[in-house]
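Overview (structure and organization)
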Amino acid sequence: MRLLIVEDEKRLATSLAKGLTAEGFAVDLAHDGREGLHLATEAEYDLIILDIMLPLLNGYRVLATLRAAGDETPVLMLTAKDGEYDEAEGLDTGADDYLTKPFSYVVLLARIRALLRRRGRTASPVLRAGDLAVDTAARRVHRGDEEVVLTAKEFAVLEHLVQRPGEVVSKADILEHVWDFAYDGDPNIVEVYISALRRKLGSRLIQTVRGAGYRLVAQDG
């Protein structure tokens, strides 16, 4: 899952990015509205965390521009304001949720996961493919009755694949959603994590489609 944080308080933005990265998200940062709008239109994000009071272009205008262009990416708005009219304006502009500073990181994380589940049109945080169960809320994975312990990045790669069972997912698509904008390393890093998942979950669960990408195959047993 790839997130964009548009927040001019650099210490807060960096702290959020560090925490969310540890949870397995890929996180990009922007510190003003113009930069945030540029990033939001250049890359595909699963969710945007958007402050209202931003330099150059405020959060309302960023959001209104995205929605006018048909961008339906879930947006969680952050603000130091606490008036009901500010909340109403954010929601009326097209925000999916609203959080007032100061806020609990635990609450923010819960809101993010709820929005991501809502986008996936499922009330359950557990994604299944055959005997594989991926609990996106608890960040736990089971193969049959056995729990399999994954690193945060391994979980992120698997989560992206299990959302599209049976489909071919390209290496570029995995990089786009699991690694952040600043990553400029070897794209073959994806193969490293696919190999790790095969070792832990079984070699037949993830197929390589030569020249195209990877396919998660639902299997029992």
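Above this text sits the structure in question.
In what follows, the accompanying structure is described. Numbering of residues starts from 1 in every chain and runs along the sequence as written. Side-chain atom pairs in this predicted model are given and counted only at pLDDT of 80 or more, local residue features only at pLDDT of at least 70, and totals for whole chains, interfaces and linings cover all residues. The basis for every side-chain value is the complete set of heavy atoms in the structure, and neither hydrogens nor water enter the calculation.

**Brief notes about helix α7 (residues 171-178)**
Our working rule: Remark: exposure states derive from per-residue accessible area (1.4 Å probe, protein chains only) relative to the maximum for the residue type, with buried under 20%, exposed over 50%, and partly exposed in between. Helix and strand definitions here come from DSSP, where helices need a minimum of 4 consecutive H or I residues and strands a minimum of 2 consecutive E residues; each element is numbered from the N-terminal end. Residues count as neighbours in contact if any of their non-hydrogen atoms are within 4.5 Å of one another.
All of the buried residues in α7 are D173, I174, L175, H177 and V178. In the core, the buried residues of α7 are packed alongside β1 (2-6), β2 (26-30), α6 (152-162), β10 (168-169), α8 (189-201) and β12 (213-216).

**Considering the nonpolar core**
Heads up, the rule is: Here the nonpolar core consists of buried residues drawn from Ala, Val, Leu, Ile, Met, Phe, Trp, Tyr and Cys, with membership extended through side-chain atoms lying within 4.5 Å.
Judged by nonpolar contacts, the single largest core of 26 residues is most densely connected at L132, V141, L158, L161 and I174. Put simply, the parts of the chain that give this core at least two residues each are β6 (126-129), β7 (132-135), α6, α7, α8 and β12. Of all the elements, α6 adds the most residues to this core, at six residues. Apart from the residues within four sequence positions on either side, V141 is in contact with L132, A133, V134, E146, E147, V148, L150, F155, L158 and L201. Among the nonpolar cores identified, the runner-up in size contains 21 residues, and V75, M77, A95 and Y98 belong to it.

**Describing the pattern of salt bridges**
Two side chains with opposite charge may pair up if their charged atoms get near one another. Cut-off, in case you're wondering: Any Lys or Arg side-chain nitrogen found within 4 Å of a carboxyl oxygen on Asp or Glu counts as a salt bridge.
By the definition in use, this model includes 15 salt bridges. The partner of R139 in a salt bridge is E159, with the nearest N and O atoms 3.7 Å apart. Taken together, the residues R139 in the loop between β7 and β8 (140-143) and E159 in helix α6 connect sequence positions 20 residues apart. Its relative accessible area of 5% is what places E159 among the buried residues. A salt bridge links E167 to R164; the shortest N-O distance between them is 3.2 Å. You can call E167 partly exposed: its relative accessible area is 40%. In this structure, a network of salt bridges that share partners links the residues E7, E9, D51 and K101.

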